[in-house]
Amino acid sequence: MVFSSAREEQGETLPPSLSALPVSFSREEWIATGICLRDFFAFPQSGSLAEISNRLRDLCLPYPGLPAIPTSGDWLEVEYDFNRLFVGPMALLAPPYASVYLHTEPQVMGKSTLEIRKCYHELGFEVSLENKFPDDSISYEVEACLLLVSLPELTPEQREVLSWLTHQHLSKWLPNFITRIKAHVSTPLIASVADVLSLWFFDLQRRILHD
């Protein structure tokens, strides 16, 4: 088994800039926001950055405290910033893969990538680009959480996997990924998406702890 049986309750912490914001999505809002985040980080396979960002903006509009998604801008500049951070061809400034943050020597397709693949297989999931794209990308891991949370009722094993994903896997690398984005981002839109990702994950942690 790749999963620990222990349920490790992590402290609920947010970056100081977000700590005063309300983060109480309804279940439907949390799922819809997660789908947008999944699609954003799966660009360009999932659509255009403008279309995905506009969907995310519409979800955030009712909540004045949530980070604002810009309504317009230089999309070529945003796409360039996206590639610089997450795609390449130069060295990535914020690689969106768990194994880069979980190993002493940063690497893509490392041991943790195979662990998360085994996790997906045990749940009956398989990424669409297995062996071609890292299984531990933020897009796939957000989708795995969405699939589990969307189930009408979790089995004990599924509940254990969701707890492991949230408290013993994502919690160990996602904050560092968001920090890297915030340190190197040059466009307000991607900075706002990083804030929404932070709030979305904080809300997931709270849901699992209180479930």
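Relevant structure appears above.
Cut-offs and rules
- Residues numbered from 1 in each chain as written.
- Predicted model: local features only at pLDDT ≥ 70, side-chain atom pairs only at ≥ 80, totals over all residues.
- Heavy atoms only, no water.
- Helix = DSSP H or I, 4+ residues; strand = E, 2+ residues; numbered from the N terminus.
- Areas by Shrake-Rupley, 256 points an atom, 1.4 Å probe, with all protein chains shown as cover.
- Axes fitted to C-alpha atoms, helices over the stretch in contact; angles between N-to-C directions.
- Parallel < 35°, antiparallel > 145°, perpendicular 65-115°, else oblique.
- Left-handed = near helix turned anticlockwise from the far one by under 90°.
- Contact = heavy atoms within 4.5 Å.
- Nonpolar A, V, L, I, M, F, W, Y, C, P; charged D, E, K, R; others polar.
- Phe/Tyr/Trp six-rings, centres within 6.5 Å; stacked < 30°, edge-to-face > 60°.
- Buried < 20%, exposed > 50% of the residue type's maximum accessible area, 1.4 Å probe, protein only.
- Core = buried A, V, L, I, M, F, W, Y, C linked by side-chain atoms within 4.5 Å.

K.L.:
Hey, could you run me through the overall build of the protein chain in this one?
P.N.:
Assigned secondary structure in the protein chain consists of eight helices and zero strands. Ordering the α and β elements of the protein chain from the N terminus gives α-α-α-α-α-α-α-α. In the structure as shown, the protein chain presents an accessible area of about 10,200 Å², 55% of it carried by carbon and sulfur atoms.

K.L.:
I keep staring at the packing of helix H6 (residues 138-150) against helix H7 (residues 156-184) and nothing clicks. Help me out?
P.N.:
How two helices sit against one another is set out by the angle between their axes and by the gap between those axes. It is at 11 Å that the axes of H6 and H7 come closest, and there the two elements cross at 150 degrees. The angle between the axes of H6 and H7 places the two elements in the roughly antiparallel class. Relative to H7, H6 is oriented so that their crossing is left-handed. From H6, Ile138, Glu141, Ala144, Cys145, Leu148 and Val149 reach across to H7, where they touch Gln158, Val161, Leu162, Leu165, His169, Leu170, Trp173, Leu174 and Phe177. In terms of residue class, the contact of H6 with H7 is made up of twelve nonpolar, two polar and one charged.

K.L.:
Sorry, what's going on with the packing of aromatic side chains here?
P.N.:
Each aromatic ring pair is summarised here by two numbers: the centre-to-centre distance and the angle between the ring planes. In total, this model carries 13 aromatic pairs according to the counting rule given. A centroid spacing of 4.6 Å and a plane angle of 10 degrees characterise the contact between tryptophan 30 and tryptophan 200, whose relative ring orientation is stacked. On the criterion of sequence distance, the pair formed by tryptophan 30 in helix H1 (residues 27-41) and tryptophan 200 in helix H8 (residues 188-210) is long-range, its members being 170 residues apart. On the basis of relative accessible area, tryptophan 200 is assigned to the buried category, the value being 1%.

K.L.:
Sorry if this is basic, but what is going on with unusual backbone geometry here?
P.N.:
Cis peptide bonds are those with omega within 30 degrees of zero, and the linkage from glycine 88 to proline 89 qualifies with 15 degrees. Mapped onto the elements of the fold, proline 89 is located in the loop between helix H3 (75-87) and helix H4 (98-102).

K.L.:
Can you help me understand the side chain of glutamine 158 in this one?
P.N.:
Relative to the elements of secondary structure, glutamine 158 occurs in helix H7. Residue classification places glutamine 158 among the buried positions, given a relative accessible area of 19%. Not counting residues within four places of it along the chain, the set of residues in contact with glutamine 158 comprises Leu123, Leu148, Leu151 and Glu153.

K.L.:
When you look at the nonpolar core in this model, what are you seeing that I'm missing?
P.N.:
Soluble globular proteins tend to bury their nonpolar side chains together. Ranked by internal contacts, the top residues of the largest apolar core, which has 60 residues, are Phe177, Ile190 and Trp200. Going through the elements one at a time, H1, helix H2 (49-60), H3, H4, helix H5 (111-123), H6, H7 and H8 are the ones with two or more residues in this core. Setting aside anything within four residues of it in sequence, one finds phenylalanine 177 in contact with Phe41, Phe86, Ala94, Pro95, Pro96, Tyr101, Ile138 and Leu197.

K.L.:
Please clarify how the packing of H2 against H3 should be interpreted in this entry.
P.N.:
Where H2 contacts H3, the axes come no closer than 10 Å and their chain directions differ by 95 degrees. Between H2 and H3, the interaxial angle falls into the category roughly perpendicular. Contacts between H2 and H3 involve Leu49, Ala50 and Ser53 from the former and Trp75, Val78, Glu79 and Phe82 from the latter. Taken together, the residues of the contact of H2 with H3 break down into five nonpolar, one polar and one charged.

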